[in-house]
Amino acid sequence: MLVSLACLGAASAALAQTRPALVRSVDEPARVPYGGTMVPSCTFSNQCSATYPTVPAGKRLRVTEIAAYVRSNTSSGSHLLALHRNDMSGVNAVYLTMMPPMNAAYYGPVASTTQAVDVIYEAGEVPIVELGLGAGLGGITGSNARLTLTGYLVDVAP
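Mind showing me how you'd approach the sheet that holds strand β4 (residues 59-71) here?
Backbone hydrogen bonds hold the strands of a sheet together, and the pairing may be parallel or antiparallel. Ordered by their spatial adjacency, 5 strands build an open sheet running β1-β10-β4-β8-β7, and the pairing between neighbours is antiparallel. What marks the edges here is a single partner per strand, and that holds for β1 (32-38) and β7 (102-103). Both β7 and strand β8 (residues 109-122) contribute to a ladder of 2 bridges, which runs antiparallel. Across the sheet, the residue bridging to methionine 102 is valine 110, located in β8.

This is the structure we're talking about:
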């Protein structure tokens, strides 16, 4: 019995000296909010975009939501909301949705949407949110539109 207690005591001392391994979740507690609402720049009266900051080195961006609000001069056709990677070419569109306009009393025709997305951007990549109208349906300007991107940055595992 005495030998058992001595072994147990030695084992307890050994366990007390063992330090736990450092473990880190790269996708949970270290989330840094990223995004915001921007007044877009409009190249044409039927196309506007908001370019968000480049993903910093050593980070990964996870976009979880995009949203748009626009007052336009047309209540027909559909409005396009797109999420691009690095540039506005169609090849780099990673998410697209259509939103039909509605008449909002004294605000006139408006369109708005919030879309859940799950898109990853690596360091050096640039997220761009685009808002557009069908050809010939012009009438949007940056002053009457808002584009929103919501997500978070995480550290890339070393």
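More follows now that the structure is in view.
I tried to follow the sheet that holds strand β9 (residues 127-133) on my own but got confused; where do I start?
What the 5 strands build is an open sheet, ordered β2-β3-β9-β5-β6; its pairing is antiparallel. Among the strands making up the open sheet, the edge pair consists of β2 (41-44) and β6 (93-99). Taken pair by pair, the neighbouring strands of this sheet meet at an average axis angle of 20 degrees, ignoring direction. Here strand β5 (residues 79-85) pairs with β9 via 7 bridges, running antiparallel. Each bridged residue has a counterpart across the sheet, and for histidine 79 the counterpart in β9 is leucine 133.

Honestly, the pattern of salt bridges in this entry has me stumped. Any pointers?
Should the charged atoms of two oppositely charged side chains come close, the side chains can pair. Per the counting criterion, the structure on display carries 4 salt bridges. With a shortest N-O distance of 3.0 Å, glutamate 122 and arginine 60 are connected by a salt bridge. Of this pair, glutamate 122 sits in strand β8 while arginine 60 is found in strand β4, placing the two residues 62 residues apart along the sequence. By relative accessible area, which is 33% here, glutamate 122 ends up partly exposed. Owing to a relative accessible area of 28%, arginine 60 belongs among the partly exposed residues under this scheme. The partner of glutamate 125 in a salt bridge is arginine 85, with the nearest N and O atoms 2.9 Å apart. Residue glutamate 125 is found in the loop between β8 and β9, and its partner arginine 85 is found in strand β5; the two are separated by 40 residues along the sequence.

I keep staring at the environment of glycine 124 and nothing clicks. Help me out?
Looking at where glycine 124 falls in the secondary structure, it is placed in the loop between β8 and β9. As for glycine 124 and valine 55, which are separated by 69 residues in sequence, their C-alpha atoms are 5.2 Å apart. Beyond its immediate chain neighbours, meaning those up to four positions away, glycine 124 contacts Thr54, Val55 and Asn86.

Teacher, can you tell me more about the side chain of arginine 85 here?
Judged by relative accessible area, arginine 85 falls into the buried class, the value being 19%. Only 2.8 Å separates the side chain of arginine 85 from the backbone oxygen of isoleucine 120, close enough to count as a polar contact. Look past the residues within four positions of arginine 85 in its chain and what remains in contact with it is Asn92, Val94, Val119, Ile120, Tyr121, Glu125 and Val126.

It is not clear to me how a nonpolar patch on the surface should be interpreted in this structure. Could you clarify?
Together, Tyr69, Tyr106 and Tyr107 make up an exposed nonpolar region whose accessible area comes to about 380 Å². Checked against the element boundaries, tyrosine 107 lands in the loop between β7 and β8. For tyrosine 107, a relative accessible area of 43% puts it in the partly exposed group.

How should the packing of aromatic side chains be read in this particular structure?
Both the distance between ring centres and the angle between the ring planes are used here to describe each pair of aromatic rings. Taken as a whole and judged by the stated rule, the model has 0 aromatic pairs. Cation over ring: arginine 85 sits above tyrosine 121, and NZ or CZ is 4.5 Å from the ring centre.

Is there a simple way to think about the nonpolar core in this case?
Soluble globular proteins: nonpolar side chains tend toward being buried together. Val63, Leu83 and Val129 are the most contacted members of the largest nonpolar core, which totals 22 residues. Where this core is concerned, the elements lending two or more residues are β4, β5, β8, β9 and β10 (145-155). Tallying contributions element by element places β4 first for this core, with 5 residues. When residues no more than four places from it in sequence are discounted, the contact partners of valine 129 are Cys48, Ser49, Ala50, Tyr52, Ile66, Leu81, Ala82, Leu83, Leu147 and Leu149.

Analysis parameters
Residues numbered from 1 in each chain as written. Predicted model: local features only at pLDDT ≥ 70, side-chain atom pairs only at ≥ 80, totals over all residues. Heavy atoms only, no water. Pairing = 2+ DSSP bridges. Helix = DSSP H or I, 4+ residues; strand = E, 2+ residues; numbered from the N terminus. Axes fitted to C-alpha atoms, helices over the stretch in contact; angles between N-to-C directions. Salt bridge = Lys/Arg side-chain N within 4 Å of Asp/Glu carboxyl O. Buried < 20%, exposed > 50% of the residue type's maximum accessible area, 1.4 Å probe, protein only. Contact = heavy atoms within 4.5 Å. Polar contact = N/O pair within 3.5 Å; in protein donor to acceptor, adjacent residues only side chain to side chain. Patch = residues over 30% accessible without salt bridge, like charges linked within 9 Å, V, L, I, M, F, W, Y side chains within 5 Å. Areas by Shrake-Rupley, 256 points an atom, 1.4 Å probe, with all protein chains shown as cover. Phe/Tyr/Trp six-rings, centres within 6.5 Å; stacked < 30°, edge-to-face > 60°. Lys NZ or Arg CZ within 6 Å of the ring centre and 35° of its normal. Core = buried A, V, L, I, M, F, W, Y, C linked by side-chain atoms within 4.5 Å.

Don't take any of this as a statement about function, it's just geometry.
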